[in-house]
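Structural overview for review
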Amino acid sequence: MNTGKESMGIASSIQLSRRDAIKGAAVMGMGLLGATSLAACAPGKGGDDAAGGAGAGAASWDKEVQVLVAGTGTVVHAAIACAERGAESVLVVEKDSAMFGGTSATSGGGYALAMLDFNADEGIEDTREKVLEYMKLVGDGRMDENVQAAFVDNANEFCRFVLETHGWSKWGHTSKAFGDYYELYQGSLDDAYGRGSWYPFDGGGQPLMAPAQWEAYRAYVDASDRIELAMGTSVESLVTDGEGAVVGAVLSDGTRVKASAVILGTGGFEHDEDMRRFHLPFPYYRSNGSANNTGDAHRMGARIGAQLAYMDTTFGNPYFDTQKEWEPGAFRYDKVGSDAFAPRGFPHSIMVNRKGRRFCDESTMYDTMNRAFGTYDTGTLEYVNIPGYWICDSAYTSTFLLPGYATPDELPEFVFKFDSLEELAEGMGIDEGALLAEVSSFNEHAAQGADPAWHRGEKAASANTLAMMSALMSLPGAEIPQSVLGTVSEPPFYCCRYVPGMMGGTRGGLHINENAQVLDVEGQPIEGLYATGNCSSGVAGYWAGGATLGQGGVMGYVAAKHCVEAAQR
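Residues numbered from 1 in each chain as written. Predicted model: local features only at pLDDT ≥ 70, side-chain atom pairs only at ≥ 80, totals over all residues. Heavy atoms only, no water.

Applied cut-off: UniProt positions are given in the numbering used here, feature names are shortened, and annotations may be inferred rather than shown by experiment.
In the annotation of an unreviewed UniProt entry, the entry for the protein reads FAD-binding protein, and the organism field reads Eggerthella hominis. Taken from UniProt, the Cofactor (unreviewed entry) comment for the protein reads in full: "FAD".

Considerations on the overall build of the protein
Put simply, the rule reads: The numbering of helices and of strands both runs from the N terminus, where a helix is a DSSP run of H or I of at least 4 residues and a strand a run of E of at least 2. Here, two residues are considered to be in contact whenever any of their heavy atoms come within 4.5 Å of each other. All accessibility values rest on the Shrake-Rupley procedure with a 1.4 Å probe; residue burial counts only the protein chains present in the view.
Counting its regular elements, the protein contains 14 helices and 21 strands. By sequence separation, contacts in the protein at least 24 residues apart represent 76% of the contacts at least 6 residues apart. Counting every atom, the protein has about 21,500 Å² of accessible surface; 48% of that belongs to carbon and sulfur.

Brief notes about the environment of Ala467
Heads up, the condition is: Residue burial is assigned from relative accessible area. The probe radius is 1.4 Å, only protein chains are included, and a residue is buried under 20% of its type maximum, exposed over 50%, and partly exposed in between.
On the secondary structure map, Ala467 appears in helix α13 (residues 460-473). By relative accessible area, which is 61% here, Ala467 ends up exposed. Between the C-alpha atoms of Ala467 and Pro481, which are 14 residues apart in sequence, the distance is 9.0 Å.

Observations regarding the packing of aromatic side chains
The criterion, for reference: Pairing of aromatic rings covers Phe, Tyr and Trp, the last through its six-membered ring, and needs centres within 6.5 Å; plane angles under 30 degrees mean stacked, over 60 mean edge-to-face, and all others mean tilted. We count a charge as sitting over a ring when the NZ of a lysine or the CZ of an arginine lies within 6 Å of the ring centre and within 35 degrees of the ring normal.
Considering all chains together, one arrives at 24 aromatic pairs under this definition. Centre to centre, the rings of Phe359 and Phe373 are 6.0 Å apart; their planes meet at 55 degrees, and the pair counts as tilted. Taken together, the positions of Phe359 in the loop between β14 (349-352) and α9 (366-371) and Phe373 in the loop between α9 and β15 (388-392) put the pair 14 residues apart, joining distant regions of the chain. For the pair formed by Phe359 and Phe373, the shared burial category is buried. Summarising the aromatic geometry, the rings of Tyr376 and Tyr383 are spaced 5.2 Å apart at their centres and angled 70 degrees between planes, so their arrangement reads as edge-to-face. Judged by its relative accessible area of 42%, Tyr376 is partly exposed. In textbook terms, an aromatic cluster arises when at least three aromatic residues are bridged by ring pairs, as seen for Phe320, Phe346, Phe359, Phe373, Trp390, Tyr396, Phe400 and Tyr498. In this structure, Lys170 is placed above the aromatic ring of Phe201, and the distance from its NZ or CZ to the ring centre is 4.6 Å. When the ring centre of Phe331 is taken as reference, the NZ or CZ atom of Arg276 above it lies at 3.9 Å.

Notes on the packing of helix α3 (residues 76-84) against helix α5 (residues 145-166)
If you want to describe how two helices pack, look at the angle between their axes and the distance between the axes. Here is the rule we go by: Interaxial angle, 0 to 180 degrees, is taken between N-to-C directions of lines fitted to C-alpha atoms, where a helix line uses only the stretch in contact. Angle categories: roughly parallel below 35 degrees, roughly antiparallel above 145, roughly perpendicular from 65 to 115, and oblique for all the rest.
One way to put it is that α3 packs onto α5 with a least axis distance of 11 Å and a crossing angle of 70 degrees. Considering the angle they form, α3 stands roughly perpendicular to α5. Between α3 and α5, the contacting residues are His77, Ile80, Ala81 and Glu84 on the first element and Phe158, Phe161, Val162, Thr165 and His166 on the second.

Right, dumping it as structure tokens:
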């Protein structure tokens, strides 16, 4: 295999090694990439035209690489794959000056994957037809089926690549608790688990959580003579030639980088207020996504005619409102209030809106639960379920911890205590009569182990989540109930506001094809430009545990394969 610079169609006249760049940065007191710039090629007049797509001939290059990768989250797999497949010069830029891995490195670390060699070892029976049918339904029939097929068909190869590259032993599960989130859809697996929450296991057979994984990825990048890493640096704009192909980019320090391929993995747009208002269908209040997720790739792509898709979607996850006072429209970064699995679905608790009515199966999985906030009340002209109100009684607190891992003896300021439901309704601004009637009806059925209104407890995910997550939320020595249903009748009562949020951020972005190439507004690939992760149009939404890492990793690998092979042809 010819892996030299010539095979990538790039001259090597101004190549500088990673070590030279680092040395230069230290000596000159400049940013890493600014230190590698050629003084005679500083950006001048006309540069903005080139960055905007008027033609690369107007641009003067400060640096030349084969592949430029933006981000260090799941897109790090693309950078590593490029190096492993023969690209000799890969520049990785990370917007954060200190945090390598972004949101990915702070995630749970599991990947949503399908059709792996490891299925048999895990006792999983699956077919390509079933998983593709399921993913199509999860994506509401909106998403590109060719991309879904490419994801499924490359998942196993991606997993083998990760193991071989890092010397790990296998992919497997740490728990069998979480199954398909939409188990009522055709194509879902009958077993309790299977496609979600796959973890790589190290050479000693231990599962690797996200911090350990990204520590290994960082170690690979730092040790590679083919990869240069620039922390605290971002891609500001893309440079195109006269045919509209991307031939490089301008970085945040003004450095112009020529590249045969640019792979974007800059995350979502959840921390850009305007983009949230423009694109999301109802107000969101929380995210655990990196504060650097401000839609950088979305804007860069739009400037050169890229198509944006599914911009109204998120990786949904509800949150307890951890503020004492209600602040309509206040969006915050938050991990403390995240309620991905518990305790909203535990027995002796209930969820209502301000009208005192239940509006969901409280025990459903987080992304499906989050969708319930989008109901628009045509009578009162409002999103009546924002905020929601989570209520529990003393039977709950005798077994489980309250939100914030609190007890009644030390209540956080966002957990409110009341001696009666009437006082709770008045204190929280809930319709009293409706609340009393709703709780009475709920209790009548819960005592019989039924929920005819919302079918709580009927899905496998309900019981499996209780079995797994109750250990994290139960008091020492407490006997864990077997059912997710339990009456809410024993005072005192406790209440928290409940708001829509995101697990990792938004999931709409640059429309990609089966090769992870970014498409223009006519649906044609923009040569030289790829996207993966939350800045791309993705695969199928929140289809299983680890959907963010799964789609980002696999499609990043697909992008690397395509761009390296294209350059070698």
